[in-house]
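Next come the chains, spelled out residue by residue.
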Amino acid sequence: MSLLDCFIGLALSLMLVSPLLKTSAELAAKQIEYEKVQSLTAEAERALELIGRAIRMAGFRNTQSLSASSKKISSSAPFISLQKGKGFRGSDSFLIRHELSDGVDLDCVGNVLTKERTKGHWAQQGFLVERQATAPKGFKVNGGSLICQSLDRHGRMQNTTVMNGVNQLSIDESSTLLGNANRSNSGSRLFVVKLQMTDGKALQREFSRTFATRNPQ
């Protein structure tokens, strides 16, 4: 077999193999994207569940431990404090207050809530999005960090990073899904929470859920 025959055979082999290699590369890329989407979805669902649990607890009063001091605080401070557009990329933030139940209560990072983790009889939990603390200064990032706010054992507010890769957090109170009559009777409020996640590159996904408070506001 001459050298020319070898080159011809090699060229024919490449012509046959190239489509297979291209297809394999595309399948691999789609598999990687699918796994990233699944990871973002799992992270978003976890974050939304934590946020929803906090919203549902807002304003909880333990009838066995009602006191004059707690009543005084409830009249001067709202059970849900919402701040619009002050976080990373215009993200919203919120802080909720509730008393402890007779069971086991957890904050947004899994700490068991005790009297030491309260302030004026009230536990406090909040969420906001900040620039990733681990990112070097001046370095462009495509996502921020979801921060959980809760009280430590000395009643001081502490910030804990729940996850990275959050582009934006949006929280809006809904007035259309809950009529004024129903709201006045039940005292509950509806909040639409939207979480935009990113892999730090081109992949972005938005997740949305609606949560209702369970306690009179």
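Residues numbered from 1 in each chain as written. Predicted model: local features only at pLDDT ≥ 70, side-chain atom pairs only at ≥ 80, totals over all residues. Heavy atoms only, no water.

Caption draft 1: Highlighting the sheet that holds strand S5 (residues 157–174). With respect to topology, seven strands assemble into an open sheet ordered S1-S2-S3-S4-S5-S6-S7, the strand pairing being antiparallel. On the outer flanks of this sheet lie strand S1 (80–83) and strand S7 (204–212), each paired with one strand and no other. Direction aside, neighbouring strands of the sheet carry axes that sit 30° apart on average. (Pairing = 2+ DSSP bridges. Helix = DSSP H or I, 4+ residues; strand = E, 2+ residues; numbered from the N terminus. Axes fitted to C-alpha atoms, helices over the stretch in contact; angles between N-to-C directions.)

Caption draft 2: Representation of the state of the cysteines. Inspection of the entire model under this criterion finds one disulfide. The residue that forms a disulfide with cysteine 108 is cysteine 148, at a sulfur-sulfur distance of 1.8 Å. Between cysteine 108 and cysteine 148, the S-S torsion sits near 65°, and that sign places the bridge as right-handed. Linking cysteine 108 in the loop between strand S2 (93–98) and strand S3 (123–131) with cysteine 148 in strand S4 (residues 144–151), this pair joins segments that are 40 residues apart in sequence. On the basis of relative accessibility, which here comes to 4%, the residue cysteine 108 falls in the buried class. (Disulfide = S-S within 2.5 Å. Buried < 20%, exposed > 50% of the residue type's maximum accessible area, 1.4 Å probe, protein only.)

Caption draft 3: Fine view of a nonpolar patch on the surface. A cluster of nonpolar residues, Val104, Leu106 and Val112, forms a patch on the protein surface that exposes about 260 Å² of accessible area. Structurally, the position occupied by leucine 106 is in the loop between S2 and S3. (Patch = residues over 30% accessible without salt bridge, like charges linked within 9 Å, V, L, I, M, F, W, Y side chains within 5 Å. Areas by Shrake-Rupley, 256 points an atom, 1.4 Å probe, with all protein chains shown as cover. Salt bridge = Lys/Arg side-chain N within 4 Å of Asp/Glu carboxyl O.)

Caption draft 4: Region of interest: unusual backbone geometry. Positioned with a positive phi, arginine 89 is a non-glycine residue whose angle comes to about 50°. In this fold, arginine 89 is placed in the loop between S1 and S2. Of note in the backbone geometry, histidine 121 takes a positive phi value of approximately 75° without being a glycine. Secondary-structure assignment places histidine 121 in the loop between S2 and S3. Under the relative-accessibility criterion, histidine 121 is labelled partly exposed at 40%.

Caption draft 5: Broad picture of the packing of aromatic side chains. The tally for this structure, following the rule as stated, stands at two aromatic pairs. Relative to tryptophan 122, the ring of phenylalanine 79 lies with its centre 5.5 Å away and its plane at 45°, an arrangement referred to as tilted. Of the two residues, phenylalanine 79 is situated in the loop between helix H2 (68–76) and S1 and tryptophan 122 in the loop between S2 and S3; the sequence distance between them amounts to 43 residues. Of the residues examined, phenylalanine 79 reaches a relative accessible area of 13% and is grouped as buried. Owing to a relative accessible area of 1%, tryptophan 122 belongs among the buried residues under this scheme. Directly above the ring of tryptophan 122 sits arginine 97, whose terminal nitrogen or CZ lies 4.4 Å from the centroid. (Phe/Tyr/Trp six-rings, centres within 6.5 Å; stacked < 30°, edge-to-face > 60°. Lys NZ or Arg CZ within 6 Å of the ring centre and 35° of its normal.)

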